[in-house]
Every structure is written in structure tokens, then in C-alpha cells.
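Tertiary structure, described
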Amino acid sequence: MLDFCSVPRTREEIQEYIGIEHREHFRKTFLTPLLASGKLQMTIPDKPTSKYQKYFAVR
């Protein structure tokens, strides 16, 4: 998943890539822990719920 996010991707793109349909499960299980650990970052950190939000891997 982190390789897939080498370029900014939307939540929907990431979910489709790893095959998880339920948004809340994806958020709790994958997205939040990766953001907290610093492995993923938001493109618009001051607006986390923006419809234009994308995520990218930090190396």
C-alpha cells in the first residue's frame, strides 16, 4: 500500500487497491494508524475531511 501511495492517492483509490469496501473499517484499521505513525501524510493537513484530500507515503 505504501508503494502505491508513492504519488498522492485518494482514500477511495487506496481502498480499491487493497480491496476493502467498508470506509470506517479502512479508516480505523489502516488509515489512522499509518497517519499516526508518520508513514502516510495528508496533502491538505489543515482540512482532514476535505473532498480533495489525498494521502502519500513518506520515505
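See the structure shown above.
The following paragraphs examine the structure supplied in this document. Just so it is clear, the structure is predicted and the values come from calculations on it, not from any experiment.

**Digging into the packing of helix H1 (residues 11–18) against helix H2 (residues 23–37)**
It is the contact of H1 with H2, at a shortest axis distance of 11 Å, that shows an interaxial angle of 90 degrees. Considered as vectors, H1 and H2 are oriented roughly perpendicular to each other. Residue-level inspection shows Arg11, Ile14, Gln15 and Ile18 of H1 in contact with H2, the latter providing Arg23, Phe26 and Phe30. For the contact of H1 with H2, the class distribution of residues is four nonpolar, one polar and two charged.

**Some points on the packing of aromatic side chains**
All chains considered together, the criterion is met by two aromatic pairs. Arranged with centres 4.0 Å apart and planes meeting at 5 degrees, the rings of phenylalanine 4 and tyrosine 17 form a pair that is stacked. Of this pair, phenylalanine 4 sits in the segment before H1 while tyrosine 17 sits in helix H1, placing them 13 residues apart in sequence. Using a relative accessible area of 16% as the deciding quantity, one classes phenylalanine 4 as buried. Ring geometry for phenylalanine 26 against phenylalanine 30: centres 6.0 Å apart, planes inclined by 25 degrees, an arrangement best described as stacked. Residue phenylalanine 26 and its partner phenylalanine 30 are both found in helix H2; the two are separated by four residues, about one turn of the helix. The class for phenylalanine 26 is buried, based on a relative accessible area of 0%. Positioned over the ring face of phenylalanine 4 is arginine 9, at 3.9 Å from the centre of the ring.

**Some thoughts on the side chain of glutamine 15**
With respect to the helices and strands, the residue glutamine 15 is situated in helix H1. The class for glutamine 15 is buried, based on a relative accessible area of 6%. Within the structure, the side chain of glutamine 15 is placed 2.3 Å from the side chain of arginine 11, a separation counted as a polar contact. With residues near it in sequence (within four places) discarded, glutamine 15 still touches Ile20, Glu21, His22, Arg23 and Phe26.

**Observations regarding the layout of surface pockets**
If a probe the size of a water molecule is rolled over the atoms, the empty space left behind becomes visible. Its volume calculated, the largest pocket comes out at about 350 Å³. Forming the boundary of the largest pocket are 15 residues, of which Arg11, Pro48, Thr49, Ser50 and Tyr55 lie nearest the centre. Among the secondary structure elements, those contributing two or more residues to the lining of the largest pocket are H1 and H2. It is H2 that provides the largest number of residues to the lining of the largest pocket, a total of six residues.

Definitions and limits used
- Residues take numbers from 1 onward in each chain, read along the sequence in its written order.
- At least 70 in pLDDT is required for a residue's local features to be given in this predicted model, at least 80 for side-chain atom pairs to be given and counted, and no such filter applies to totals for whole chains, interfaces and linings, which use all residues.
- Processing note: side-chain calculations cover all non-hydrogen atoms of the structure and skip hydrogens and water entirely.
- Note on definitions: angles span 0 to 180 degrees between N-to-C directions of axes, and those axes are lines fitted to C-alpha atoms, for helices only across the stretch in contact.
- A run of DSSP states H or I qualifies as a helix once it reaches four residues; a run of E qualifies as a strand once it reaches two. Both are numbered from the N-terminal end.
- By the definition adopted for this analysis, an angle is roughly parallel if under 35 degrees, roughly antiparallel if over 145, roughly perpendicular if from 65 to 115, and oblique otherwise.
- Residues are treated as being in contact if the distance between any of their heavy atoms lies within 4.5 Å.
- In this classification, Asp, Glu, Lys and Arg are treated as charged, Ala, Val, Leu, Ile, Met, Phe, Trp, Tyr, Cys and Pro as nonpolar, and every other residue, Gly included, as polar.
- Any two of the Phe, Tyr and Trp rings considered here, Trp counted by its six-membered ring, make a pair once their centres fall within 6.5 Å; the pair's planes then place it as stacked at under 30 degrees, edge-to-face at over 60, or tilted in between.
- Under the scheme applied here, a residue whose accessible area is under 20% of the maximum for its type counts as buried, over 50% as exposed, and between as partly exposed, the area being computed with a 1.4 Å probe on protein chains only.
- By definition, being over a ring means that NZ of Lys or CZ of Arg is both within 6 Å of the ring centre and within 35 degrees of the ring normal.
- Throughout this description, a polar contact denotes any pair of N or O atoms lying within 3.5 Å of each other; where both atoms belong to protein, one of them has to be capable of donating a hydrogen while the other can accept it, and for residues adjacent in sequence the pair is counted only when both atoms sit in side chains.
- Cavities and pockets were defined on a 1 Å grid built from protein atoms only: a cavity is a group of points that admits a 1.4 Å probe but offers it no way out, a pocket is an open group of points flanked by protein on both sides within 12 Å along at least five of seven lines, and a lining residue is one with an atom within 4 Å of any such point.
- Grid points are joined across faces, edges and corners, and a volume is the space filled by probe spheres set on the points.

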